[in-house]
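# Breakdown of the fold
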Number of protein chains: 2
Amino acid sequence: MPELRKDPILGRWIIIAQERGKRPTDFYVDVSTKSKGGFCPLCPGNEKTTPPEVLAYGRNNGQANTPGWTLRVVPNKFPALVIEGNLDKEAEGLYDRMNGIGAHEVIIDTPHHDASFTHLPPQDLQLTFMAFQDRIRDLSRDIRFNYVVVFKNYGSAAGASLEHSHSQLIALPVLPRMITSELEGCLSYFCYKDRCIYCDIIRQELQQDIRLVCQNEHFVTLTPFAPRSPFELWILPRQHSSSYIDMPDSWLPSLSRIFSETLRRLDSCIKDIPYNFLLHTQPLRTGPLEHYHWHFEIVPKLTSIAGFEWGTGFYINPMPPELSCSYLKEVQL
Amino acid sequence: MPELRKDPILGRWIIIAQERGKRPTDFYVDVSTKSKGGFCPLCPGNEKTTPPEVLAYGRNNGQANTPGWTLRVVPNKFPALVIEGNLDKEAEGLYDRMNGIGAHEVIIDTPHHDASFTHLPPQDLQLTFMAFQDRIRDLSRDIRFNYVVVFKNYGSAAGASLEHSHSQLIALPVLPRMITSELEGCLSYFCYKDRCIYCDIIRQELQQDIRLVCQNEHFVTLTPFAPRSPFELWILPRQHSSSYIDMPDSWLPSLSRIFSETLRRLDSCIKDIPYNFLLHTQPLRTGPLEHYHWHFEIVPKLTSIAGFEWGTGFYINPMPPELSCSYLKEVQL
């Protein structure tokens, strides 16, 4: 059983997911040597090699775990957390731990092995964004969970271990530290100003127009004022909303279009740029929040993260976001 | 002039250190392709190729910036921050920024190009730990600075770009977010218990003896309860002290001995393991703190940091610290 442990100083939770029988030297894997090609468990026809699916679109009455799907969600075969069991929260002296209960799922974005997420047509991307909503809604019915982290690793430098386009989600019994910090920062601003800080940021960015990459009827994409990396990007809904699952279906096409445009602009600046994106949304067990605003953050993996950044949370970024923005806007799509 | 910018939500500062004339594609450097061998600016005889030294040991009345030294500290040739100028703090709408004033120095641990920090004799390591004290003391006289981050990147996977053994420091006008969070966590524990949390951790670890790697008269090395990585290690003084520069000279030999033993145990478990270490000490502008305890954290670079860890601060670690500890203790030195 994996275990969740809390750092008593920082309040940071970590997952101990022990892989039995591994020797110390087995951990040191150079990501650049990962094999490419060969058998793909995410491809149509190989449905039986994954754990049974929890969601599939497009199969029109076909049998579960067979081909014909346009998007498919399966539990991770090597999950960081397990779904069965009780939390059994306990102390060990001054430390706190609980069982590693959670869900770890893989969203297979497309049946096409060679399709790149960046170049999928917006109507196909839409399935991924819809699946995020469906899965968070379903997992929120499990009262053991407090948060669902939705993310994508694109490119091996960003941690992707399979070529076939996929996203991931992890449902957690505790709040990730970064989300707690974000909520605290937003609340502190709201207490002072009585306004959502993200709404204020959107207003200022629309007016200044120096970090605004693109926009449509419901969304804006901008390079944030204090980015961790060249070409870091945030995609936010124009209208205040704290919860991704409250997004109306009618916004899905505009979310997919702005996401597609954003990724294609990024790819035109740096071909096959590795990146991670992460959905930031409110915790499961709260009502709508006046002070929080859901959004996506896309962080390219361009600069190496060494001791300084790692240990301090203090990033050195060689490119101002205004310059990243101007490169992104110059792109002819 | 580099610039410091604050994320208005998280309070995280970042440095924008623009390298002029760089095109977007210039950023994507695979660390594994960095060249080895050839000219080394840190070697004796090449003193004129670095900026003029700010500290040197062992030269016995010899002329500055000539060979004969046993340890040498020079400003970084490509500093993330610059020493000359005013902070000029200002707002841009709801955002905050200031000039990127600071110091960025390289501590050349040894004159021997091929010597590995791990295998230096403890009496040589001692020079490095003494230099950390001397440089922090000197930089603390500059009232623009609030913190000095001292760290080492060991191995190219951990971000080292030069083979010759060196450590680094960055003096900052603002507090790194991780230190602020640590101070807050410690203060909150102290307010409740009236005890330093690190002192309590040391007491519990000495009693439990399941994560205690080694100890001597003044220091302990342990694998922390909630580590980010297999073989993460903390080295702490047994006696309460919030400031590294207050460490008495008489402790330097035992610090060097335990550091040497710790690194050699680590290296025996995984040969040439890449790691980062970071000194955690109190801010420059406070008196001694009852709630904070200076220490070193050594984090090996074994697992790849992907979207989940990056975006959430939630780490997945495949090895419990009790197991890391038992591997480290088994080593015959």
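In this text the structure is predicted, and so the values were computed from the model without any measurement. Counting of residues starts from 1 at the beginning of each chain's written sequence and follows it residue by residue. Naming scheme: in the order in which they are written, chains are lettered from A and ligands are numbered from 1. Residue-level local features of this predicted model are given only where pLDDT is at least 70; pairs of side-chain atoms are given and counted only at 80 or more, and the full residue set underlies all totals for whole chains, interfaces and linings.

Residue and element names in this part refer to chain B. Relative to the assigned elements, T180 resides in helix 2 (residues 177–193). Exposure criterion: with C-beta atoms placed from backbone coordinates, a residue whose C-beta has 20 or more other C-beta atoms within 10 Å is buried, one with 12 or fewer is exposed, and one in between is partly exposed. Under the C-beta neighbour-count criterion, T180 is labelled partly exposed, with 17 such atoms within 10 Å. With 103 residues separating them along the chain, T180 and P283 place their C-alpha atoms 9.2 Å apart. Runs of E in the DSSP output that reach at least two residues are strands. Runs of H or I that reach at least four are helices, and both are numbered from the N terminus.

Any two packed helices are characterised by the angle at which their axes cross and by the distance between the axes. All names here are of chain A. Axis definition: a line fitted to C-alpha atoms, limited for helices to the stretch in contact. Angles are taken between N-to-C directions and run from 0 to 180 degrees. Axis separation between helix 1 (residues 122–139) and helix 4 (residues 252–269) bottoms out at 8 Å; the angle between their running directions is 115 degrees. Considering the angle they form, helix 1 stands roughly perpendicular to helix 4. Here helix 1 runs over helix 4; the crossing is right-handed. The residues of helix 4 that touch helix 1, namely those facing P122, Q123, L125, Q126, F129 and M130, are L252, P253, L255, S256, R257, F259 and S260. For classification purposes, an angle smaller than 35 degrees is called roughly parallel, one larger than 145 roughly antiparallel, one from 65 to 115 roughly perpendicular, and anything else oblique. Left-handed describes a crossing in which the near helix is turned anticlockwise from the far one by less than a right angle; the clockwise case is right-handed. Whether two residues are in contact depends on their C-beta atoms, placed from the backbone: they are in contact if these lie within 7 Å.

A residue counts toward the fit only if its pLDDT is at least 70 in both copies, and the copies are then superposed by least squares on the C-alpha atoms of those residues. Expressed as a screw transformation, the operator carrying chain B onto chain A has a rotation angle of 180 degrees and an axial translation of 0.0 Å, and the superposed copies differ by an RMSD of 0.0 Å. The superposition operator between the copies reduces to a two-fold rotation axis.

The next subject is unusual backbone geometry. Residues and elements named next belong to chain A. We note that N60 has phi near 45 degrees; this positive angle belongs to a residue other than glycine. In this fold, N60 is placed in the loop between strand 3 (55–57) and strand 4 (71–75). By C-beta crowding, N60 is classed as exposed, having 8 other C-beta atoms within 10 Å. The phi angle at N65 is positive, at roughly 60 degrees, despite the residue not being glycine. Note that N65 resides in the loop between strand 3 and strand 4.

Residue and element names in this part refer to chain A. For chain A, the assigned domains are domain 1 (3–17 + 39–176) and domain 2 (178–330). Each domain's extent was defined by an automatic or database domain assignment. Placing a centre on the C-alpha atoms of domain 1 and another on those of domain 2 gives a separation of 22 Å. Of all elements in the fold, only helix 1 and strand 8 (147–154) reach the threshold of two or more residues within the side of domain 1 that touches domain 2. With 10 residues, helix 1 is the single largest residue contributor to the side of domain 1 that touches domain 2. We call Asp, Glu, Lys and Arg charged. Ala, Val, Leu, Ile, Met, Phe, Trp, Tyr, Cys and Pro are nonpolar, and the rest, Gly among them, are polar. Grouping the constituent residues of the side of domain 1 that touches domain 2 by class yields 16 nonpolar, eight polar and two charged.

A common measure of how large an interface is: the accessible area buried when the components associate. Counting residues at the interface gives 76 residues for chain B, matched by 76 residues for chain A. Ranked by the residues each element gives to the side of chain B that touches chain A, the list is headed by helix 2 of chain B, at seven residues. As judged from the three bridges shared by strand 2 (residues 13–16) of chain A and strand 15 (residues 315–317) of chain B, these two strands associate in the parallel manner. Across the sheet, residue I14(A) finds its bridge partner in strand 15 of chain B, namely Y315(B). Whether two strands pair depends on DSSP finding at least two bridges between them.

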